[in-house]
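The lines below spell out each chain.
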Amino acid sequence: MSCMIKGKMRSGLLMPIFLGSFALQAAAISGGADAGTLQPNLARDNKIIRIEPDRQRLLRNPQTGWVLYATPGVKEDFWEKCDNMQVPGVGTVKVSDYAHTLYIRTSWRKLNPEENVYGWNTDPMLKMLIEGARARKMRLAFRVVVDSRDKGYDFTPDFVREAGTKGFVWRGRWSPYPDDPIFQKYYEKFVWALAKDFGNPDEVDFIDGTGLGKWGEYHTTLYSTGDEMPRKPVLDWLSDLYLKAFKNVPVVINYHRFVGAGKDWDDNKYDLDSEFLLDEVVEKGYSLRHDAFGMGLYYGEWERDFAKKYFGVRPILMEGGWITGKIHSFWVDPRNYRKGHPEDVRQGEFDDSKEARVNMMDFRVGETESWFHNTFPLVQQFISEGGYRLYPDMISVPTDVVKNQKLRIIHRWNNLGWGYCPTNIPQWNQKYKVAFALMDSRNRVQKVFVDKQTDLSKWMQGIPAVYTFDLRLKGVTPGSYYWAVGLVDTTKDNAIGL
């Protein structure tokens, strides 16, 4: 479709949305009103374009989709195996064609073996993982684990202990007390160094802004006082540190029912202060994750209610709890998963994720093969239905315009995913907006008009968002142009962002 500025402007409607173009089709999702009935005075002469959504293609957008896990303990053939995943009835596929974020979970020691030495520059396995992700156009994510319990070596660097940090020994492994000032001094220095090299949101999808406690999940946390008095001060210090260091990268916390407390479970009870502490850090700018999806006992009513409370406020990232590839008795789960049937667990994880309306799901080390071997349709289903998947089903634009004349564009958007696009988090600060552009015959952008009223975080599944955008074509030379529409990043001179 075309537009002409006096001498009349003709424009073909291009759709450079997400990472490609939408074809113009007659079919559209039903619902909502047509342009002519919305604003007849200005829009009655507009051309209405209806668009058929792409429901299958992987859209490599941030804060949505599958996450591939890795640790420096993986074998050297990690990427080779990921590039040659066997799917029954399909053949060989690449994991990176389904996941676009690599989540590196490792120790502080690996990332900072000596003072002023950083593992991403020196450790061969870390470098292999990072370089492999970048070669596959994947973003990165990190969790830095400090606590050494249940680990094969001390997870905190020796130089931190040798500097006088107070800590404790559990089964021969030493861990620091997180309220110790010497520990905090060295940890702050490390986090700022990590942010310096991994603070670009184009390269990093999220950062785990905790890493304390058992398994880095921020529960079963021990303090130097022998009680939980430092619990809130430590969380305040930690959350302020990560939010200041990673200003543009989403920072997440595990919404555990004993967050920062000295235990991880108590007969299905919950700690009364956990929700209060979590509310505080969410208000400051943290997003959410949980590490026990699919576990009928550990992901219970408290967790489900918490997820409901924050849907649309903060994105939720999923991690499954059961390890089906090892001796981990998933068949004792209250859901009665069948022993020897990992596909039952995968379905349970998927069902919990759909209920919580998560934005991201996990391909963990040791579990990735199970998703592809046992439940590949669920992998595809999450790409089609999970996270956020935005598209306009109706665009109404003028075809003949007089220069400087007021004109009206009407556009209607849908979210096919059960999650949401978190433009409302502080790190994004509503930087993504709908924009319309005039393009010449060589597909060069001549003028961009940003519809600042658009709020992508409000676009929820099943509820179309309709906007009326009034503008004047000031500063446009008369001639023929194509209309284009896209989701732009306003921090990058309105380049296509999603």
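Look a little higher up for the structure.
Everything numeric here is computed off the predicted structure, so don't read it as measured data. (Residues numbered from 1 in each chain as written. Predicted model: local features only at pLDDT ≥ 70, side-chain atom pairs only at ≥ 80, totals over all residues. Heavy atoms only, no water.)

Topic: the packing of aromatic side chains
Scanning the entire structure with this criterion turns up 41 aromatic pairs. Ring centres of Tyr69 and Tyr103 lie 4.7 Å apart, and the angle between their planes is 90 degrees; this geometry places the pair in the edge-to-face category. In this pair, Tyr69 sits in strand S5 (residues 65–70) while Tyr103 sits in strand S8 (residues 99–107), placing the two residues 34 residues apart along the sequence. There is no split in this pair, since Tyr69 and Tyr103 are both buried. Where Tyr255 meets Tyr299, the ring centres are 6.4 Å apart and the plane angle is 70 degrees; that geometry is what we call edge-to-face. Residue Tyr255 is located in the loop between strand S13 (251–254) and helix H10 (274–284), and its partner Tyr299 is located in the loop between strand S14 (287–293) and helix H11 (301–310); the two are separated by 44 residues in the primary sequence. An aromatic cluster is defined as three or more aromatic residues linked by ring pairs; in this entry it consists of Trp108, Tyr118, Trp120, Phe142, Phe183, Tyr187, Phe190, Phe198, Trp237, Tyr242 and Phe246. One cation-aromatic arrangement involves Arg161 over Trp174; the distance from NZ or CZ to the ring centre is 5.6 Å. The side chain of Lys339 reaches across the aromatic face of Trp331, ending 4.8 Å from its centre. (Phe/Tyr/Trp six-rings, centres within 6.5 Å; stacked < 30°, edge-to-face > 60°. Helix = DSSP H or I, 4+ residues; strand = E, 2+ residues; numbered from the N terminus. Buried < 20%, exposed > 50% of the residue type's maximum accessible area, 1.4 Å probe, protein only. Lys NZ or Arg CZ within 6 Å of the ring centre and 35° of its normal.)

Examining the sheet that holds strand S19 (residues 406–415)
Pairing is antiparallel in the open sheet, where four strands are placed in the order S4-S17-S19-S22. Two strands lie at the open edges of the sheet, namely strand S4 (47–50) and strand S22 (465–472), each paired on one side alone. Here the strands of the sheet are splayed against their neighbours by 20 degrees on average, with no regard to which way each runs. Sheet topology places strand S17 (residues 390–397) next to S19; six bridges connect them, and they run antiparallel. Each residue of the ladder has a partner; that of Tyr391, found in S19, is Asn414. (Pairing = 2+ DSSP bridges. Axes fitted to C-alpha atoms, helices over the stretch in contact; angles between N-to-C directions.)

Things to note about the pattern of salt bridges
Tallied over the entire structure, the rule returns 40 salt bridges. We note a salt bridge from Asp123 to Lys110, for which the minimum N-O separation is 3.7 Å. With Asp123 in the loop between helix H5 (119–122) and helix H6 (124–135) and Lys110 in helix H4 (residues 108–111), this residue pair connects regions lying 13 residues apart in the sequence. Exposure remark for Lys110: the relative accessible area of 29% places this residue in the partly exposed category. A cluster of three or more residues bridged by salt bridges with shared partners is formed by Arg105, Arg143, Asp208, Arg289, Asp291 and Glu319. (Salt bridge = Lys/Arg side-chain N within 4 Å of Asp/Glu carboxyl O.)

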